[in-house]
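Examining the three-dimensional arrangement
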Amino acid sequence: MKALNGLNSGSLMGSAYATLTIDPRNAYRSSSESSFLQAALQNGTSPTVYKNSFAQRILFSSNNTATGVLITTAGPYGIPAVNYTLSARKEVIVSGGVFQSPQLLMVSGIGPKATLSQFGIPVLKDLPGVGQNMWDHTLFGTDYRVNVNTASAALNNATLAAAGVKLFQQKATGPLSIFGASYYGFEDLPQPYRSKLSNASLSALAANFPSDWPELEWLPVSAYLGYQEDRQTADPRDGSNYATINTAIVSPLSRGNVSLQSASMLDPPLINPNWLTDPTDIELAIQSVHRQREIWSYLTSQGLTNGVEALPGANVTSDADILAYIQKSIIQVYHAAATCKMGARNDSMAVLDSQARVYGTQNLRVVDASSFPFLPPGHPQSTIYALAEKIAADILGNDTRGPGYKMGPDYSAMLGAQVKTVTSTNDNGAGTARIGENGMVSLALLLLAAIFSYLV
């Protein structure tokens, strides 16, 4: 693995500590709300905020022009809710996220005709791609006992836990001030595991992703994650320290979708993630567990573990058993995207143009992770910020692209020739990295870095 000096260059060749959106003054995580919105609230340029309010439906006039939004605001102390209309002076901008932006479009009459007709919703614009094409990164790992302190230490020792809280509250330091491992690596599945992939899977990966797009991400965690059902209670709390080596598939070919269970926004949407429904994803996942075990073997040889796999256990050896374990423990990396995909007008599944305007309507945009045409291999936080900045510039009539702006040819092809969208592979302010095939020692160091970051 090639060590990089940070992950903000856009290079996908190497690994490094990530730049995190954490306020160094108090070690609190900075979000879009605490950064962008709070800054606007404090400098007097903020929008009017309607608390405890829910968008029920986008309203349109003739020519499919968005004119406002039907809103419900909850009443306090048993007072009935109030319904009213917020009228738009210029545009309606939807930012409900990857699940509820498509839901709001559909209940407003924009989406797959069959779905809208099923719930008696008048079809304003038949856009088959609304709620479809959902990309996501999935995560799964193996757990070992380790011979250094991890998050398990505080769970086993109330005094140590209290000391960590005190350090954080008084000095903004210590284990509670650190966001996980903060060190990530990316790679294509290396040999000998790559030889286990079918020719069909190898062809599918080559056909769907550029050559510099990694297939796997490594996310070591200094904690016991178990079956990922409840991370706060998963640790055995048996006096031992545990750590997890996780893999995420960042070249997924499985696609999920979002649909309706009624014509009302008050009923949550139906979310079908469809993880591991594509054979290539299944093969990558199985071989990734074999790769995880190779890394654990190296760590054991260095005296970092007791050599006994805590989960799934030494009896889980066949590919069928490994797949069953993955299916039971798999979880998302909270990166779902692309359910209102941006694309060329001649793309039947495209929902938005290159300025996030909804096809077949006027004065309506969608700006959030659902707008992505595809999910980049890195963590998408800063990519979403970049998209928002780009669309804001479009709305204001500004061109913020710097000198020499150019999109790589591989990514232009994925977007479609008529789309001009800036993409980024940054994660939490950081880029992505890629690990070379001979990165065993560095992968082990990656886990060690994660483990020692939790020492008190």
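Predicted, not measured: the structure shown is a model, and the values here were computed from it. (Residues numbered from 1 in each chain as written. Predicted model: local features only at pLDDT ≥ 70, side-chain atom pairs only at ≥ 80, totals over all residues. Heavy atoms only, no water.)

**A few points about the side chain of Glu217**
Our working rule: Elements are defined by DSSP. Helices are runs of H or I of four residues or more, strands are runs of E of two residues or more, and each kind is numbered from the N terminus. Exposure classes here rest on a 1.4 Å probe applied to the protein chains alone. A residue is buried below 20% of its type maximum, exposed above 50%, and partly exposed in between. Counted charges follow a simple rule, with Lys and Arg positive, Asp and Glu negative, and His plus the chain ends left uncounted. Each salt bridge in this description consists of a side-chain nitrogen of Lys or Arg and a carboxyl oxygen of Asp or Glu lying within 4 Å of one another. In protein, a polar contact means a hydrogen-donor-capable atom and an acceptor-capable atom, both N or O and within 3.5 Å, with residues adjacent in sequence counting only if both atoms are side-chain atoms; elsewhere, any N or O pair within 3.5 Å suffices. Contacts are residue-level and defined by heavy atoms, with any inter-residue pair within 4.5 Å sufficient.
Tracing the chain through its elements places Glu217 in strand β12 (residues 216–221). We note that Glu217 is buried and unpaired, the nearest opposite charge coming from Arg231 at a distance of 11 Å. Reaching out from Glu217, the side chain makes a polar contact with the side chain of His379 at a distance of 2.6 Å. Setting aside residues up to four positions removed in sequence, Glu217 forms contacts with Tyr184, Gly185, Phe186, Asn246, Thr247, Ala248, Val250 and His379.

**Observations regarding the nonpolar core**
The nonpolar side chains of a soluble globular protein tend to be buried, and buried together. Quick note on the threshold: In this description, a nonpolar core means a group of buried Ala, Val, Leu, Ile, Met, Phe, Trp, Tyr and Cys residues linked to one another through side-chain atoms lying within 4.5 Å.
Grouped together as the largest cluster of nonpolar side chains are 62 residues, with contacts concentrated most on Ile58, Leu105, Ile326 and Leu364. With near-sequence residues (within four places) excluded, Leu364 lies in contact with Ile58, Phe60, Ala66, Val92, Val94, Leu105, Ile110, Ala356, Arg357 and Val358. If you look at the next biggest cluster of nonpolar residues, it comprises 12 residues, including Leu7, Ala16, Ala18 and Ile331.

**Comments concerning unusual backbone geometry**
Of note, the bond from Gln191 into Pro192 is cis; its omega dihedral lies within 30 degrees of zero at 5°. Among the structural elements, Pro192 can be located in the loop between β11 (183–187) and α6 (199–208). Residue Pro312 follows Leu311 across a cis peptide bond; omega there is 5°. Even without being a glycine, Asn133 presents a positive backbone phi close to 65°. Of note in this structure, Asn274 is not a glycine but carries a positive phi near 60°. Positionally, Asn274 belongs in the loop between β15 (270–272) and α7 (279–301).

**Quick look at the pattern of salt bridges**
Following the criterion strictly, the structure yields 10 salt bridges and no others. As a salt-bridge pair, Arg293 and Glu309 come within 2.8 Å of each other at their nearest N and O atoms. Of this pair, Arg293 sits in helix α7 while Glu309 sits in strand β16 (residues 305–311), and the two are 16 residues apart along the sequence. Asp347 is the salt-bridge partner of Lys341, the closest N and O atoms lying 2.8 Å from each other. Classification of Asp347 as partly exposed rests on a relative accessible area of 24%.

**Some details on the UniProt feature "binding site: FAD" (unreviewed entry) in the protein chain**
Stated formally: UniProt positions are given in the numbering used here, feature names are shortened, and annotations may be inferred rather than shown by experiment.
UniProt marks Pro380 and Gln381 with the feature "binding site: FAD" (unreviewed entry), using the numbering shown here. Tracing the sequence through the fold places Pro380 in the loop between β18 (364–366) and α9 (381–396). With a relative accessible area of 9%, Pro380 lands in the buried category. Positionally, Gln381 belongs in helix α9.

**Structural notes on a nonpolar patch on the surface**
Using the following cut-off: By definition, no residue in a patch forms a salt bridge, and every one has over 30% relative accessible area; like charges are joined within 9 Å, nonpolar side chains (Val, Leu, Ile, Met, Phe, Trp, Tyr) within 5 Å. Using a 1.4 Å probe, accessible areas were evaluated by the Shrake-Rupley method; residue-level cover was limited to the displayed protein chains.
Nonpolar side chains collect at one region of the surface, where Ile93, Ile395 and Leu396 lie side by side and expose about 290 Å² of accessible area between them. The exposed category is assigned to Leu396, whose relative accessible area is 65%.

**Structural notes on the confidence of the model for the protein chain**
As a reminder, the rule being used: Confidence of the predictor at the level of single residues is given by pLDDT, which spans 0 to 100.
The share of residues in the protein chain with pLDDT of 70 or more is 86%, and the mean pLDDT across the chain is 86. Note that pLDDT drops below 50 for residues 402–456; the model gives that stretch 169 contacts with residues more than four away or on any other chain.

**Focus on the sheet that holds strand β4 (residues 53–60)**
For the record, the criterion: Strand pairing follows a simple DSSP-based rule, namely that at least 2 bridges must link the two strands. All axes are obtained by fitting lines to C-alpha atoms, using only the stretch in contact for helices, and the reported angles, taken between N-to-C directions, cover 0 to 180 degrees.
Taken together, three strands build an open sheet; the order of strands is β4-β5-β6 and the sheet is antiparallel. Bordering the open sheet on either side are β4 and β6 (82–87), each of which pairs with just one other strand. Each strand axis lies, on average, 25° off the axis of its neighbour in the sheet, ignoring direction. Where strand β5 (residues 66–73) lies against β6, six bridges are found, and the strand directions are antiparallel. Following the sheet pairing, Gly68 is matched in β6 by Ser87.

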